[in-house]
Amino acid sequence: MTAKPTILQDLPADLDRERLPKHVAVIMDGNGRWAKRQGLPRIMGHRRGVDALKDLLRCCRDWGVQALTAYAFSTENWGRPFEEVDFLMTLFERVLRQELREMMRENVRITFVGNLDALPQSLRAEIERSMAETRNNSGIHFTVATNYGGRQEILQACRAIATQVQQGHLQPEDIDEAVFERHLYTAGVGDPDLLIRTSGEMRLSNFLLWQMAYSELYVTDTLWPDFDRAEFHQALCAYQQRHRRFGKL
Ligand code: IPE
Ligand code: IPE
Ligand code: MG
């Protein structure tokens, strides 16, 4: 029997387990360009993108990263052709239904962030089911940003806080960062230590604007469907070279 290639199953030896990011966020960009390069329709890129995400989740678990947050659909992505949006919604729903058992087996806790009310009813039902069923799982915390926009998130937090003030439950001077964070979609998810964006674009595209105040940013030209463990390894090596100062010396 041939030995399994263990090198990328285990944490690579050049990484320091103690200094891994606890929470990694990814802007999974470049699915369309990947498909175009293969002469395929854009949706094939999204299909392959799901495989890349599934493997990254498993890799995070194997290597000891505690939380992974992935940007799946932005509030601006509604502006794409109907067929593509429709394909994505159906894809999310199908993948979620197919993967729930596996996530339970792997002890994954899945959470969705974004304006979930505006999603198709059948997708929302799968989202709610998966969140409820995995709620008490103690393994990796996997967060999927769907119909997510950082500005919208901040605005809805402001509205909720303003309502509390109006009703006399909160004083304006008591609004601090902790109060604000409790009103974000990501309450309980925490701030990413490392943001990875694929396909070379050097922008945030409305992702986690509040939460990424001090995240380390890593951009690779690799297109999302090609982002594999070797690529993730490189991103983690780059992260471990960084000196996080948080404004101090
Ligand atoms: C990212 O890939 C996936 C989503 C936004 C849903 P894109 O679809 O943006 O791919 P490109 O950027 O057009 O190549
Ligand atoms: C960001 O990618 C959103 C997701 C990955 C879900 P986009 O492709 O939508 O971002 P822009 O248009 O390049 O800024
Ligand atoms: Mg894109």
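Notes on the structure follow. (Residues numbered from 1 in each chain as written. Chains lettered and ligands numbered in written order. Predicted model: local features only at pLDDT ≥ 70, side-chain atom pairs only at ≥ 80, totals over all residues. Heavy atoms only, no water.)

1. So, the site of ligand 1
In the region of ligand 1, 13 residues are neighbours, and Met-28, Asp-29, Arg-33, Arg-42 and Arg-80 sit closest. Within the backbone of Gly-30, a nitrogen or oxygen atom sits 3.4 Å from an oxygen atom of ligand 1. About the coverage of ligand 1: the protein hides 86% of its 380 Å² of free accessible area. Mapped onto the shell around ligand 1, the elements with two or more residues apiece are helix H1 (31-37), helix H2 (42-63) and helix H3 (82-105). By residue number, the principal contributor to the shell around ligand 1 is H1, which donates three residues. Of the residues contributing to the shell around ligand 1, the split by class is three nonpolar, five polar and five charged. (Near = heavy atom within 4 Å. Polar contact = N/O pair within 3.5 Å; in protein donor to acceptor, adjacent residues only side chain to side chain. Areas by Shrake-Rupley, 256 points an atom, 1.4 Å probe, with all protein chains shown as cover. Helix = DSSP H or I, 4+ residues; strand = E, 2+ residues; numbered from the N terminus. Nonpolar A, V, L, I, M, F, W, Y, C, P; charged D, E, K, R; others polar.)

2. What to know about the site of ligand 2
For ligand 2, the full set of nearby residues is Ile-27, Met-28, Asp-29, Tyr-71, Ala-72, Phe-73, Asn-77, Arg-80, Arg-197, Arg-203 and Ser-205. Measuring from an oxygen atom of ligand 2, one finds a side-chain N or O atom of Arg-80 at 3.3 Å. Within the contact set of ligand 2, an oxygen atom lies 2.8 Å away from a side-chain nitrogen or oxygen of Arg-203. Burial of ligand 2 by the protein chains amounts to 78% of its free accessible area of 390 Å². With three residues, the top contributor of residues to the shell around ligand 2 is strand S2 (residues 67-74).

3. Describing the pairing of strand S1 (residues 23-27)
Two faces belong to every sheet, and in a regular strand the side chains alternate between them. For S1, the tally of buried residues reaches five of five residues, placing the bulk of the element in the interior. Bridge count between S1 and strand S5 (residues 194-197): four bridges; the pairing is parallel. Paired with Ile-27 across the two strands is Arg-197, which belongs to S5. (Buried < 20%, exposed > 50% of the residue type's maximum accessible area, 1.4 Å probe, protein only. Pairing = 2+ DSSP bridges.)

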